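Below are the chains, spelled out letter by letter.
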Amino acid sequence: MTDRYAVIGNPIAFSKSPLIHSSFAQATGQDLDYSKIEGPLGQFAATVDAFRAQGGRGLNITAPFKLDAFAYATEHSPAAQLAGAANAMKFDGERVLAENFDGVGLVRDVVHNLAQPLRGKRVLVLGAGGAARGALLPFLAEQPTELVIANRSLDKAQDLARIGTAQGPVRACSLQDLQGRHFDLVFNATSASLRAELPTVPVSVFAECALAYELAYGKGLTPFLRLAQGAGVPQLADGVGMLAEQAAEAFAWWRGVRPQTRAVIERLTVPLV
Ligand code: ATR
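Since the structure is predicted, the reported quantities are computational estimates derived from the model, not experimental observations. (Residues numbered from 1 in each chain as written. Predicted model: local features only at pLDDT ≥ 70, side-chain atom pairs only at ≥ 80, totals over all residues. Heavy atoms only, no water.)

Visitor: Sorry if this is basic, but what is going on with the side chain of D3 here?
Guide: Assignment of secondary structure puts D3 in strand β1 (residues 3–9). Its relative accessible area of 19% is what places D3 among the buried residues. Here R57 takes part through its side chain, which lies 3.1 Å from a polar atom of the side chain of D3. At 2.8 Å, the side chain of D3 forms a polar contact with the side chain of R255. When residues no more than four places from it in sequence are discounted, the contact partners of D3 are D31, L32, D33, R57 and R255. (Helix = DSSP H or I, 4+ residues; strand = E, 2+ residues; numbered from the N terminus. Buried < 20%, exposed > 50% of the residue type's maximum accessible area, 1.4 Å probe, protein only. Polar contact = N/O pair within 3.5 Å; in protein donor to acceptor, adjacent residues only side chain to side chain. Contact = heavy atoms within 4.5 Å.)

And the structure:
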């Protein structure tokens, strides 16, 4: 019987996951079926139970169910544990394993696809929500000289930085505190771009910046990227590579074979204009 996988979210119509995983399956010769499930709100567990009863082997999880998925799982990876949220699950009999590949997917995109090592670099992350949380430990593992988490609400940045202090040189500050500071790599992990808003970041952060990276995908030239472009940042990127790489991690976890991501990234790239 063909193994079944799916992405669950609400809404789910625009999810690229079925396209990505079908491409991976075809390229690696894996026999699997990957669909999308619009999960009724408040019925996550019942929906997943039904999917498992029909032979479901694994799920990707997107908004608003990442916390429900964490709660549903019986075992959690360190990345899922830190995030308190899961973006992938694997079913093994009664066992439900939870993973979170967002951070590792981001690092792989930056270091491997965009050829920007984080090692020895001054790294700035804007935002201290779920997206920034996922990036924290994978970033520190790359050994930057410093990792600054800047957030509109300082207390959230401080809470997050505290989690990473044993792992590397991480510091919290407010967006205003960034005045006059320079960074080599700047990441926008706020949700501002989803509403075409700009986090109030001083343009000086881009003075010596080699890469400005918008974690959101498919929004074109967001206000953040536009600011970076105007400041002369030579390389701009959005989250398309992160999306493909976290999917490849999940695929490898489920199937034991890691697909190439280049073709999927090319297919899904939305021009930054
Ligand atoms: P996600 O899971 O996408 O990270 P989240 O957990 O709701 O979403 O976090 C959103 C992040 O974007 C927060 O860091 C938020 O800042 P606050 O903690 O101060 O709320 C940040 N954010 C959202 N809109 C913003 C804006 N217009 N300017 C600056 N930061 C913004």
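Visitor: Looking at this model, I keep getting lost on the sheet that holds strand β8 (residues 146–151). Mind explaining?
Guide: Strand pairing in a sheet relies on backbone hydrogen bonds. The paired strands run either parallel or antiparallel. Taken in spatial order, the six strands of this open sheet run β9-β8-β7-β10-β11-β12, and their pairing is parallel. The two strands at the open ends of the sheet, each matched to only one other strand, are β9 (170–174) and β12 (235–237). Here the average twist between neighbouring strands, direction ignored, is 15 degrees. Together, β10 (185–188) and β11 (211–214) form the strand contacts of helix α5 (residues 102–113), whose direction differs from that of β11 by roughly 150 degrees. Against the sheet, helix α6 (residues 130–141) engages β7 (122–126), β8, β9 and β10, with an angle of about 170 degrees to β8. (Pairing = 2+ DSSP bridges. Axes fitted to C-alpha atoms, helices over the stretch in contact; angles between N-to-C directions.)

Visitor: Got a minute to help me understand the site of the ligand in this structure?
Guide: Of all residues adjacent to the ligand, which total 16 residues, the nearest are N151, R152, S153, R195 and E197. Contact between the ligand and N151: an oxygen atom at 2.7 Å from a side-chain N or O atom of the residue. The fraction of the free accessible surface of the ligand (650 Å²) that becomes covered by protein chains is 73%. The residue inventory of the shell around the ligand, partitioned by class, reads five nonpolar, seven polar and four charged. (Near = heavy atom within 4 Å. Areas by Shrake-Rupley, 256 points an atom, 1.4 Å probe, with all protein chains shown as cover. Nonpolar A, V, L, I, M, F, W, Y, C, P; charged D, E, K, R; others polar.)

Visitor: Can you help me understand the pairing of β9 in this one?
Guide: Looking along a regular strand, one sees side chains alternate from face to face of the sheet. In terms of strand pairing, β8 meets β9 through five bridges, oriented parallel. Across the sheet, residue A150 finds its bridge partner in β9, namely C173. Handedness of the crossover is the feature at issue here: the chain leaves β8, passes through helix α7 (residues 154–164), returns alongside β9, and the resulting connection is right-handed. (Right-handed = clockwise from strand over helix to strand, strands pointing away.)

Visitor: Before we go on, may I ask you to explain the sheet that holds strand β4 (residues 75–76) in this structure?
Guide: Taken together, the six strands give an open sheet; going across it, the order is β2-β1-β3-β5-β6-β4, and neighbouring strands pair in mixed fashion. Every other strand in the sheet has two partners, leaving β2 (32–38) and β4 as the edge strands with one partner each.

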